[in-house]
Amino acid sequence: MDAATEGDEILFQKHAKYFVRFLNILPARLASHDSTRVTIAFFAVSGLDVLDSLHLLSDPFKKDIINWIYNLQVIPKPGGRPCGGIQGSSTLNILNPPDCCGLDAYRWGHLAITYTGIAVLVALGDDLSRLDRKAIIDGVAAVQREDGSFSATIDGSEHDMRFVYCAAAICAMLNDWGKVNKRKMAEYIQKSIRYDFGISQHYEMESHGGTTFCAIAALELSGQLDILTPKVKEKIVRWLMFRQQDGFQGRPNKPVDTCYSFWIGATLKILDAFELTSYKDNRDYVLSTQDKAVGGFSKWPGSHTDPFHTYFGICGLSFLQEPGLLEVVPSLNISQRAFQRLKQLHSVWEAEAEFKRKCDVRVNIE
């Protein structure tokens, strides 16, 4: 694969076809990712959205994807534990009915899958009417730890900044924070700011570009970005700016990587400092990882492409206002078009809630 040179163009059609292929079949090398197929679908669908190419998916195919997501929704039984959300794969559903062999106990929502699943539904124009929004928000609150962080699932697993972000994104998209303790979440983020003012995955760990995004975006989505003083924000921006070599790296003394054009770029966007970066160097690096034969972007020039780096590379180019790409909302990692659709849904839900409140008041008066 030849490295791109200055002035190279984005191969829009090839990248769009690349995403469509991943929605139809996964290569054998991704078989181990069966439990996270929803996330792969997110990269493909959202990638097509940012490329303004969702028209390549037929209406029946879009409907199939939407129905598939809903089939993965876990709704707790009355009086059951709060495990609502979306699971990552349909394997348990297909091989074993939920009421068979006690496997129902192993069906629970996963924060990352719930976030990406909702994002897919919004991108495809669904009205989210089949989501049990209360069960999902209750499920988010149920996995919050005492320190303010979140686990991926109700039965434990890791609890760190990645799932703090997923929890915040879910609540923001559903316009409901339920019993989530936003203040404790913010305190957890503050305690994870390291000596160099990058933010780590968990206490006392190394500063990382991806988890710095997760933390800053979670504060933005929860309306708590002002918990950071101007001086701290300035030092975080400084740490982020030092991540640019030509493209961006995720940590000091590490090679640059296409995906950090999103993780670092989006964080700088939220902090109103993206204009301090070198647009040309960023663009040149991302395009150097473009596969001109079959489409897609890789993490490094000459390496294998994948949906993850392809999607985030395209988002990074969108931040550069590349002609032909839709604007991306940094904090939610969805297109501006999808975001506006989401805001319309929020207005509908708020109107419905207000109508119900007035009806309840009238009933009580009578």
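Anything mentioned here points back to the structure above.
So, a few notes on the structure that sits alongside this text. These figures come from a predicted structure and were not determined experimentally.

This part covers the overall build of the chain. Looking only at helices and strands, one finds 14 helices and six strands in the chain. What you see for the chain is a C-alpha radius of gyration of 21 Å, in line with the 21 Å of a compact globule of 366 residues. Across its three principal axes, the chain shows a C-alpha extent of roughly 70 × 50 × 40 Å. Taking all 366 residues of the chain together, 53% fall into the buried category. For the chain, the exposed area adds up to about 16800 Å²; of that, 53% sits on carbon and sulfur atoms.

Here helix H10 (residues 230-241) is 12 residues long and its end C-alpha atoms lie 16 Å apart, about the 16 Å a rise of 1.5 Å per residue gives. The inward-facing, buried residues of H10 abut helix H9 (209-221) and helix H11 (260-270).

The tally for this structure, following the rule as stated, stands at one cavity of 30 Å³ or more. Taken as a whole, the largest cavity encloses approximately 60 Å³ of empty space. In this structure, the largest cavity is lined by 13 residues; those nearest its centre are Gly84, Gly109, Gly139, Val143 and Ala152. Sorting the residues of the lining of the largest cavity by element identifies helix H5 (111-123) and strand E3 (150-153) as the ones contributing at least two each. Taken together, the residues that form the lining of the largest cavity break down as seven nonpolar, six polar and no charged.

Three or more residues of helix H6 (residues 133-142) are buried, namely Ala135, Ile136, Ile137, Gly139 and Val140. Tucked into the core, H6 has its buried residues touching strand E1 (73-74), strand E2 (85-86), H5, E3 and helix H7 (161-174).

Next up on the list: the packing of helix H2 (residues 37-50) against H5. Look at H2 against H5: their axes get within 9 Å of each other, and the N-to-C directions meet at 35°. Of the two possible hands of crossing, H2 and H5 adopt the one that is left-handed. Mapping the contact onto sequence places Val38, Thr39, Ala41, Phe42, Val45 and Asp49 in H2 and Ile113, Tyr115, Thr116, Gly117, Ala119, Val120 and Ala123 in H5. Here the contact of H2 with H5 is composed, by residue class, of nine nonpolar, three polar and one charged.

What counts, and at which threshold
- Residues numbered from 1 in each chain as written.
- Predicted model: local features only at pLDDT ≥ 70, side-chain atom pairs only at ≥ 80, totals over all residues.
- Heavy atoms only, no water.
- Helix = DSSP H or I, 4+ residues; strand = E, 2+ residues; numbered from the N terminus.
- Rg over C-alpha atoms; globule rule 2.2 N^0.38 Å.
- Buried < 20%, exposed > 50% of the residue type's maximum accessible area, 1.4 Å probe, protein only.
- Areas by Shrake-Rupley, 256 points an atom, 1.4 Å probe, with all protein chains shown as cover.
- Expected span 1.5 Å × (residues − 1).
- Contact = heavy atoms within 4.5 Å.
- 1 Å grid on protein atoms, 1.4 Å probe; cavity = no way out; pocket = protein on both sides within 12 Å on 5 of 7 lines; lining within 4 Å.
- Points joined across faces, edges and corners; volume = space filled by probe spheres on them.
- Nonpolar A, V, L, I, M, F, W, Y, C, P; charged D, E, K, R; others polar.
- Axes fitted to C-alpha atoms, helices over the stretch in contact; angles between N-to-C directions.
- Left-handed = near helix turned anticlockwise from the far one by under 90°.

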